[in-house]
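Structural description and commentary
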Amino acid sequence: MSEPTTGVALAALRDFFSARNAEELRAAADGIAVCFQQPLDAATDWREVEYDFNRLFVGPLAIPAPPYASAYQTEPQLMGPPALAVRAAYRQLGLAVPDEGSTPDDHLAYELDAVSACDTMLAHDFPRTADTVSPRTVSKVREWLVNEHLSGWVPLFVQAVNAQQNVSPPVAMAVSALEQWLAGAKGVLPADNEGLIHLTDR
């Protein structure tokens, strides 16, 4: 994956793991396939992919690979300490998840969006005001998000997905691409970014 496409790749990963239906999964998977140079079968049944995505990540039955950090603690819980830690990181950036307190702050899509927000802030020379987050703060938050927080739980999430049988090829591709992105993101500032859609300005 070439450096000019890293922001687009991050946006595609974020959109895949926040997808709400088959069409959103298809659109995001198309982006992932292009950015990570992976094949994607034109005959894919996206309704089947949606079913598999929900089976693994959404419910309504017990999900084997929850896409949020608190599930991978020694004692898993919803909205656990990792969610509170990442909420504090978002606040340092002046951001928050929608419906804070009822939405898991540590959902993978929000965390990827926060990294994208950091990259956007660092890549552009925005006018500095008293309310502007300093580049030093943004850099420290990004470093913590990627090198400590995401690196601490995403490998366990990947393992949980890979342990399941009959994972649909687009889901397997997205999880592999996530692992590849994380390995390359440590200590790297991407050159471009897509618009942020999940986290909101406070």
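These numbers come from a predicted model, not from an experiment.

What counts, and where the lines are drawn
- Residues numbered from 1 in each chain as written.
- Predicted model: local features only at pLDDT ≥ 70, side-chain atom pairs only at ≥ 80, totals over all residues.
- Heavy atoms only, no water.
- Phe/Tyr/Trp six-rings, centres within 6.5 Å; stacked < 30°, edge-to-face > 60°.
- Helix = DSSP H or I, 4+ residues; strand = E, 2+ residues; numbered from the N terminus.
- Buried < 20%, exposed > 50% of the residue type's maximum accessible area, 1.4 Å probe, protein only.
- Core = buried A, V, L, I, M, F, W, Y, C linked by side-chain atoms within 4.5 Å.
- Contact = heavy atoms within 4.5 Å.
- pLDDT = per-residue confidence, 0-100.

1. Quick word on the packing of aromatic side chains
If you walk through the whole model with that rule in mind, you get eight aromatic pairs. Seen from their ring centres, F16 and F53 are 5.7 Å apart, and the 80° between their planes marks the pair as edge-to-face. Remark: F53 occurs in helix 3 (residues 46-58) and F16 occurs in helix 1 (residues 6-17); sequence separation between them is 37 residues. Considered together, F16 and F53 belong to a single accessibility category, that of buried residues. On the numbers, 5.1 Å between centres and 80° between planes, the contact of F53 with F57 is edge-to-face. With F53 and F57 both in helix 3 and four residues apart, this pair spans about one turn of that helix. One aromatic cluster is present, built from ring pairs that chain together F16, F17, F53, F57, Y72, W153 and F157.

2. Some thoughts on the nonpolar core
By size, the foremost hydrophobic cluster in this structure holds 60 residues, and its most contacted members are F16, F17, F57, F157 and W181. When residues of this core are traced back to their parent elements, those giving at least two are helix 1, helix 2 (22-35), helix 3, helix 4 (81-92), helix 5 (108-123), helix 6 (135-162) and helix 7 (169-185). No other element matches the eleven residues that helix 6 contributes to this core. Not counting the four nearest positions on each side in its chain, F16 is found in contact with L25, A28, A29, I32, F53, P170, V171 and A174.

3. Quick look at the confidence of the model for the protein chain
Chain-level statistics for the protein chain give a pLDDT mean of 87 and a share of 86% at 70 or above. Here strand 2 (residues 200-201) stands out as the least confident element of the protein chain, with mean pLDDT 48; helix 3 is the most confident, with 98. With pLDDT under 50 throughout, residues 189-198 is counted as low confidence; its partners more than four residues away or in other chains account for 38 contacts.

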